[in-house]
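Overview (structure and organization)
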Amino acid sequence: AQKVTQAQTEISVVEKEDVTLDCVYETRDTTYYLFWYKQPPSGELVFLIRRNSFDEQNEISGRYSWNFQKSTSSFNFTITASQVVDSAVYFCALRAVGRGSTLGRLYFGRGTQLTVWP
Amino acid sequence: SQTIHQWPATLVQPVGSPLSLECTVEGTSNPNLYWYRQAAGRGLQLLFYSVGIGQISSEVPQNLSASRPQDRQFILSSKKLLLSDSGFYLCAHGRGSTDTQYFGPGTRLTVL
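All residue numbers here refer to positions counted from 1 along the written sequence of the relevant chain. Lettering of chains starts at A and numbering of ligands starts at 1, both following the order in which they are written. Totals for whole chains, interfaces and linings use all residues, but because this is a predicted model, local features are given only for residues with pLDDT of at least 70 and pairs of side-chain atoms are given and counted only at 80 or more. Hydrogens are left out, water is left out, and the side-chain values use all remaining heavy atoms of the structure.

What follows covers the pairing of strand β5 (residues 32-39) of chain A. Residues and elements named next belong to chain A. Here's how the labels work: a residue is buried when its accessible area is under 20% of the maximum for its type, exposed when over 50%, partly exposed in between, all with a 1.4 Å probe on protein chains only. Going along the chain from the N terminus, every DSSP run of H or I of four or more residues is numbered as a helix, and every run of E of two or more is numbered as a strand. Of all eight residues making up β5, eight are buried, and the element is well covered by its neighbours. The pairing of β5 with strand β10 (residues 88-96) spans eight bridges and is antiparallel. Its bridge partner lying in β10, Leu34 is registered against Leu94. Two strands form a pair only when DSSP identifies at least two bridges running between them. Across six bridges, β5 lies against strand β6 (residues 46-52) in antiparallel orientation. Paired with Tyr37 across the bridge in β6 is Phe47. Hairpin connection of β5 to β6: six residues between the antiparallel strands, including Gly43 at a positive phi of 105 degrees.

Stacked, edge-to-face and tilted are the three classes for Phe, Tyr and Trp ring pairs, Trp counted by its six-membered ring, which pair at centre distances within 6.5 Å; planes under 30 degrees apart are stacked, over 60 edge-to-face, the rest tilted. In the structure shown here, the tally under the stated rule is 20 aromatic pairs over all chains. Between Phe108(A) and Phe103(B), the ring centres sit 6.1 Å apart and the planes meet at 70 degrees, which makes this aromatic pair edge-to-face. Remark: Phe103(B) occurs in strand β10 (residues 102-103) and Phe108(A) occurs in strand β11 (residues 107-108); the pair is interchain, linking two chains. The class of Phe108(A) is buried, set by a relative accessible area of 12%. Here the aromatic cluster, defined as three or more aromatic residues joined through ring pairs, consists of Phe35(A), Tyr37(A), Phe47(A), Phe91(A), Phe108(A), Tyr34(B), Tyr36(B), Tyr49(B), Tyr102(B) and Phe103(B). The lysine or arginine in question, Arg108(B), covers the ring of Phe88(B), its NZ or CZ lying 4.3 Å from the ring centre. Geometrically, a lysine NZ or arginine CZ counts as sitting over a ring once it is within 6 Å of the ring centre and also within 35 degrees of the ring normal.

Here's what the structure looks like:
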């Protein structure tokens with residue numbers, strides 16, 4: 001079974017603070033992909049990053065960074081020097097590629113509402 | 001570049017009325033297409049997916065149906081809406097089982 005847990009329902013920070021959004025996943029497949037999406041108030045899901053299960057290299061993109069650790073089944077997302085525009089709901093998602101997995105199906109966590117105050 | 005459109009953007013419908021939501025994709029061919037619903041509480045639920053024209057797979061039994069009359073068109077329908085059908089409907093496209101899914105702007109449906 002595939003499962004994604006985002007234990008933090010809501011996080012509030014003040015602008016310029018660093019914030020980490022946690023994501024823990026479960027899968028029995030050895031090949032899988034992990035994603036982060038951002039959902040601003042407009043509602044559209046915006047793709048942020050994709051990692052495959054064979055690449056544990058951490059990634060940095062501007063103020064965003066991702067820490068993938070297979071040993072703890074975690075794929076955490078850190079925003080450095082947060083800004084008001086970062087306020088959104090952030091979703092972590094998993095796609096397994098094993099036999100029996102629905103083609104391309106994404107398993108989403110329930111999301112973390114991030115509010116950045118000025 | 002690929003673009004995905006959804007309409008209408010918002011819809012208010014009475015219980016028992018029919019529904020038709022449309023999703024179209026530009027800039028790609030033979031995409032995999034997906035319908036998701038996001039109900040209150042933010043969880044995203046996969047409703048239908050399609051790997052080609054006329055090929056529809058359902059993930060959750062309900063009073064909704066989907067059709068794919070053209071390669072880049074995906075339609076979500078219902079003959080009689082229920083109150084529980086209210087939510088935010090998102091269409092997504094991808095290529096193959098390993099590609100990233102990109103989402104449309106969504107349709108906010110309120111059933112009264």
